[in-house]
Amino acid sequence: MSAWQHWLLERARVREVRGLARATDEATGLYDLASNDYLGLARDPRLAEAAHRATLRHGTGSSASRVVTGTHPVHRELEDGLCRLTGRDEALVFSSGYLANLGILGALGGPGTLLVLDEQAHASLIDGARLARSPLAWTSHHSVKETIDLLASRSQPRAVVVVESVYSVSGDAAPLDELAAACRRYDALLLVDEAHSLGVGTAGGAVRAASLAADPSVVVTATLSKALGAQGGAVLFGGEPAGMLRTHLASTARSFIFDTALAPGSAAAAGEAVRILEEDPALAGLVPERVALMTGTLGRLFPAGSSPGQRNQAEVEVIESGAGAVVSLRVGSAETATMIAAELRGAGIAVGCFRPPSVPDGISRIRLTARATQHPEELVEVLATVARTVSRHARVTA
Ligand SMILES: Cc1ncc(COP(=O)(O)O)c(C=O)c1O
């Protein structure tokens, strides 16, 4: 056996033993409690038709980077639409949310920029920060005090505080007002990843809802692949330096310059989703309604203090989503989470199974996502199966 084969087998065995193996199985036909299609737009015929028209007109691929010949009218139209929706002044579209985060952190980072990250920041923000060649500092989850201490005592002339408006795994919301005030006070930028808040709760996202859309010290990144049901990412700026920041980003972000532009069909589909949300902003409000139904139902199914665990004494904790579409069940070990997710898959239900490195050791989670199009009665029935399955493996504490 070659050294490579030996190593691959060994790594596979370790993942198996630790419950960290990951699969790419199809979820077709399963009840969806796992996807990020929060508004049910990914299968909306209006988006499919917009994508079809743009594909016929501009091609199946963009053929080049945005800075060569890859920019098509649909890109600019999408950027204008995103600005209207979020109340921001300038936008730059990337071919994914991941690349948007890599791009902006690389463009703002470097040895003279301190990057301050929340300890639960998404992998794309962590990777972007590492690639930026900046000094990095971490804060406890949501800690405004630690953020202020780091900003106040820094030796670098510039700083960017990096957070998610709504955290992807736990579903809780960042204290945007306080963080933005701290950034203004200490001459720093606040980078807010709105992947899980754009189109969720309020159509225009959490930064707009917090009246920060015009704040020049707030930079927003977003993905077009979750509530907007399409594909792609964007960086959005507000206030006076917005134009300068966009130009700087488009001229320096490696994941923008050295990447083929977002396919015209995806850009047009995202543009159509923006149009739908502008026309019917109440659609975004259906998600928190489903979340409330989910947490209420799970709260009843998991009464505090009950202890039905049989095999594994891990603890279950139902985490309220706060602002987003995520309800998270903290179930303890990665093995427990894997067992629960596999059993639910067998029962026809797809749930998110979050294990290290997506979460710290010992707090693996079953992540359930709400969708505007979930039928309330069916949802309650499905949640009863989820609760029964979880209870077989884990002790309930909340
Ligand atoms: C917080 C966060 N940021 C960025 C991304 C990446 O977005 P995309 O899937 O468009 O690359 C995701 C999800 O995948 C996410 O959850």
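Residues numbered from 1 in each chain as written. Predicted model: local features only at pLDDT ≥ 70, side-chain atom pairs only at ≥ 80, totals over all residues. Heavy atoms only, no water.

Focus: the nonpolar core
Counting 86 residues, the largest nonpolar core has Leu 33, Leu 82 and Leu 368 as the members making the most contacts within it. Broken down by element, the residue count for this core peaks at eight residues, all from helix α12 (residues 264-279). Residue contributions to this core reach at least three from each of two domains, namely domain 1 (45-279) and domain 2 (285-396). Those residues in contact with Leu 82 that sit more than four places away from it in its chain are Val 93, Leu 198, Leu 224, Leu 228, Ala 234, Leu 236 and Val 274. Counting residues in hydrophobic clusters, the runner-up holds 28 residues, among them Phe 94, Leu 105, Val 162 and Leu 245. (Core = buried A, V, L, I, M, F, W, Y, C linked by side-chain atoms within 4.5 Å. Buried < 20%, exposed > 50% of the residue type's maximum accessible area, 1.4 Å probe, protein only. Helix = DSSP H or I, 4+ residues; strand = E, 2+ residues; numbered from the N terminus. Domains from an automatic or database assignment. Contact = heavy atoms within 4.5 Å.)

Quick notes on the pattern of salt bridges
For the coordinates displayed, the defined rule picks out 14 salt bridges. Residue Glu 10 pairs with Arg 13 through a salt bridge whose shortest N-O separation is 3.4 Å. In this pair, Glu 10 and Arg 13 both sit in helix α1 (residues 3-17), three residues apart, roughly one turn of the helix. Owing to a relative accessible area of 49%, Arg 13 belongs among the partly exposed residues under this scheme. (Salt bridge = Lys/Arg side-chain N within 4 Å of Asp/Glu carboxyl O.)

What about α12?
Between the first and last C-alpha of α12 there are 22 Å, a value that for 16 residues agrees with the 22 Å anticipated at 1.5 Å per step. Of the positions making up α12, those classed as buried are Pro 264, Gly 265, Ala 267, Ala 268, Ala 269, Ala 270, Glu 272, Ala 273, Val 274, Ile 276 and Leu 277. Contact partners of the buried residues in α12: α2 (45-58) and α4 (73-86). (Expected span 1.5 Å × (residues − 1).)

Thoughts on the packing of aromatic side chains
In this description, a pair of aromatic rings is defined by centroid distance and the angle of the planes. Taken as a whole, this structure holds two aromatic pairs when the rule is applied. Ring geometry for Trp 4 versus Trp 7: centroids 5.6 Å apart, planes at 85°, classification edge-to-face. Of this pair, Trp 4 and Trp 7 are both found in helix α1, three residues apart, which corresponds to roughly one turn of the helix. The class for Trp 7 is partly exposed, based on a relative accessible area of 46%. (Phe/Tyr/Trp six-rings, centres within 6.5 Å; stacked < 30°, edge-to-face > 60°.)

What to know about the sheet that holds strand β8 (residues 233-237)
Reading across the sheet, the seven strands line up as β2-β8-β7-β6-β5-β3-β4 and stay open at both edges, with mixed pairing between neighbours. Two strands bound the open sheet, and with one partner strand each, they are β2 (90-94) and β4 (136-139). Neighbour-to-neighbour, the strand axes of this sheet turn through a mean angle of 20°, independent of strand direction. Note that strand β6 (residues 189-193) and strand β7 (residues 218-223) share four bridges and pair parallel. Of the residues in β7, the one forming a bridge with Leu 191 is Val 219. Against the sheet, helix α5 (residues 97-108) engages β2, β3 (113-118), β5 (158-164), β6, β7 and β8, with an angle of about 40° to β8. (Pairing = 2+ DSSP bridges. Axes fitted to C-alpha atoms, helices over the stretch in contact; angles between N-to-C directions.)

Some remarks on the site of the ligand
Close contacts around the ligand come from 15 residues, with Gly 97, Asp 193, His 196, Thr 223 and Lys 226 the closest. Between the ligand and the protein, one listed contact pairs an oxygen atom with a backbone N or O atom of Gly 97 at 2.8 Å. Here the ligand, which alone exposes 380 Å², has 82% of that area covered by the protein. A per-element tally of the shell around the ligand places α5 first, with three residues. Class assignment of the residues belonging to the shell around the ligand gives a composition of two nonpolar, 10 polar and three charged. (Near = heavy atom within 4 Å. Polar contact = N/O pair within 3.5 Å; in protein donor to acceptor, adjacent residues only side chain to side chain. Areas by Shrake-Rupley, 256 points an atom, 1.4 Å probe, with all protein chains shown as cover. Nonpolar A, V, L, I, M, F, W, Y, C, P; charged D, E, K, R; others polar.)

Some thoughts on the domain arrangement of the chain
The domain boundaries assigned to the chain delineate domain 1 (45-279) and domain 2 (285-396). In total, domain 1 and domain 2 occlude about 920 Å² of area from one another, counting both sides; carbon and sulfur atoms represent 62% of this. Taken as a group, Val 169, Ser 170 and Val 200 account for 48% of the area that domain 1 buries against domain 2, more than any other trio of residues on that side. Counting across the domain 1 and domain 2 interface gives zero salt bridges. Viewed at the interface, domain 2 and domain 1 are joined by one residue pair in polar contact (both at pLDDT 80 or more). Among the residues forming the side of domain 1 that touches domain 2, the class breakdown is four nonpolar, five polar and one charged. (Buried area = accessible area lost by both parts, 1.4 Å probe.)

Points about α1
Here α1 contains 15 residues, and its C-alpha end-to-end distance of 21 Å stays within 8% of the 21 Å for a straight helix at 1.5 Å per residue. Just past α1, the residue Gly 19 takes up positive phi, approximately 70°.

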